[in-house]
Amino acid sequence: MSEKSFHSGFVAIVGRPNVGKSTLLNAILGEKIVITSDKPQTTRNRIQGIHNVPGGQIIFIDTPGIHRPKSRLNRSLNDTAIEATKGVDALLFLVEATASPSAETEVMTELLSGITTPVFLLINKVDLVEKSRLLKLMETYSTLFDFREIIPVSAQKGEGVEKMVELVCRFLPEGPQYFPDDILTDLPERFVVEELIREKLFRLTHDEIPYSVAVRVESFKERPENGIIAIAASIFVERDSQKGIIIGKRGEMLKRVGTAARKEIESFLAEKVYLELFVKVSKDWSENPKKLKEFGY
Ligand SMILES: Nc1nc2c(ncn2[C@@H]2O[C@H](COP(=O)(O)OP(=O)(O)OP(=O)(O)O)[C@@H](O)[C@H]2O)c(=O)[nH]1
Ligand SMILES: [Mg+2]
């Protein structure tokens, strides 16, 4: 990057669910702004993370994983991801080193056919495979698409991330500083709080439950007199039976979710937090266009 000019641009992180897109965004920023879990379809929105480098600014966009949609919610996730590939300066197409390239071809066709934006292939989770397998993967992927670069990384261990960012920077055009240099994301604090609660639900519940929850912050009150932020949030589920599971025996599960979420919210807001959670039923919301809109999907 030249010293006089400023370079900037938008870079979308795309790929199948669970390949590590959100983990990568957090690794790039060096802070947790997006939620992650070992379950697919954790991310439901387009989320911008702002990364400043000397003489430049890159806005990385985390997206939902592309998959075969079954519900209306899932269709909306795919649309959000596909939409995010438009108008960006580069794409990071993320795959897992543990998966076979043949598992990627469907999503590659969906996302990359006819695309003129430079595409970087990132092979993530290299900490889980042998070097020989990685070399073979790089060779196979290079025959599948005209990638600008093929870069092995481990988002979880932070390996190769800095070098990758440098390579991507070189492709960015001259441009303005889009965001002030002291913000990490353009999303409101309320959204991040909702996401952190949803992450705990994703991590602590199983089967269909994670896919049936939505979270909404109902009130967010700063109380400067005692240095506490009081937050009340609703957890919406689709059926009565799910409400019982989330509350748990003698409220055990809800308490675990609340404690884990509060700790991370405190660390994100750098303030003490009083968190109150309510569980409500919003019947079959994931199939209801009006409700999806209301929950921001
Ligand atoms: N071993 C290993 N695990 C990783 C790495 N990167 C991510 N993971 C794990 O992979 C799982 C999925 O990570 P996410 O970042 O939530 O994946 P995602 O692509 O954002 O998933 P969706 O939002 O569902 O599309 C989590 O359990 C991560 O801890 C890595 O480099 N190595
Ligand atoms: Mg994600």
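Residues numbered from 1 in each chain as written. Chains lettered and ligands numbered in written order. Predicted model: local features only at pLDDT ≥ 70, side-chain atom pairs only at ≥ 80, totals over all residues. Heavy atoms only, no water.

Peer 1: Please provide a residue-by-residue account of the site of ligand 1, values included.
Peer 2: Looking at ligand 1, there are 23 residues lining it, with Lys 21, Thr 23, Gln 41, Thr 43 and Asp 127 nearest. Between ligand 1 and Ala 155, the relevant distance is 3.0 Å, taken from an oxygen atom to a main-chain nitrogen or oxygen of the residue. Judged by the fraction of its atoms near the pocket grid, ligand 1 is located in the largest pocket. When residues in the shell around ligand 1 are grouped by element, the largest group, three residues, is from helix α1 (residues 21–29). Residue composition of the shell around ligand 1, by class: five nonpolar, 13 polar and five charged. (Near = heavy atom within 4 Å. Polar contact = N/O pair within 3.5 Å; in protein donor to acceptor, adjacent residues only side chain to side chain. 1 Å grid on protein atoms, 1.4 Å probe; cavity = no way out; pocket = protein on both sides within 12 Å on 5 of 7 lines; lining within 4 Å. Sits in = over half its atoms within 2 Å of the grid points. Helix = DSSP H or I, 4+ residues; strand = E, 2+ residues; numbered from the N terminus. Nonpolar A, V, L, I, M, F, W, Y, C, P; charged D, E, K, R; others polar.)

Peer 1: Describe the domain arrangement of the protein, naming the residues involved and giving the relevant values.
Peer 2: For the protein, the assigned domains read domain 1 (7–169) and domain 2 (189–294). A separation of 27 Å is found between the C-alpha centroids of domain 1 and domain 2. Each partner contributes residues to the interface: domain 1 has 17 residues there, and domain 2 has 23 residues. Buried area between domain 1 and domain 2, both sides added, is near 1600 Å², and the carbon and sulfur share of it is 54%. When the buried area of domain 1 at its contact with domain 2 is split by residue, Ile 35, Lys 39 and Arg 44 rank highest and sum to 37% of it. Glu 199 is the salt-bridge partner of Lys 32, the closest N and O atoms lying 2.5 Å from each other. Put simply, domain 1 and domain 2 have 12 residue pairs in polar contact (both at pLDDT 80 or more) between them. Taken together, the residues that form the side of domain 1 that touches domain 2 break down as five nonpolar, seven polar and five charged. (Domains from an automatic or database assignment. Contact = heavy atoms within 4.5 Å. Buried area = accessible area lost by both parts, 1.4 Å probe. Salt bridge = Lys/Arg side-chain N within 4 Å of Asp/Glu carboxyl O.)

Peer 1: Describe in detail the coordination of the magnesium ion (ligand 2), supporting the description with residues and values.
Peer 2: Every protein donor of the magnesium ion (ligand 2) is accounted for by Ser 22 (OG) and Thr 43 (OG1), and the metal-donor separations fall at 2.0 to 2.1 Å. Separated by 21 residues along the polypeptide, Ser 22 in helix α1 and Thr 43 in the loop between α1 and β2 (47–53) bring together distant segments of the chain. Taken individually, Ser 22 and Thr 43 each receive the classification buried, so the pair is uniform in this respect. (Donors = N, O, S within 2.8 Å, 3.2 Å for Na, K, Ca; no water. Buried < 20%, exposed > 50% of the residue type's maximum accessible area, 1.4 Å probe, protein only.)

Peer 1: Give me the sheet that holds strand β8 (residues 228–237): which residues, what numbers.
Peer 2: One open sheet holds the three strands; their spatial order is β7-β8-β9, and the pairing between them is mixed. What marks the edges here is a single partner per strand, and that holds for β7 (214–223) and β9 (272–281). Strand-to-strand twist across the sheet, computed as the mean angle between neighbouring axes with direction ignored, equals 15 degrees. Pairing of β8 with β9 involves 10 bridges; the strand directions are parallel. Directly across from Ala 233, in β9, lies its bridge partner Leu 277. Here helix α6 (residues 189–204) sits on the sheet and contacts β7, β8 and β9; the angle it forms with β7, its principal contact strand, is near 130 degrees. (Pairing = 2+ DSSP bridges. Axes fitted to C-alpha atoms, helices over the stretch in contact; angles between N-to-C directions.)

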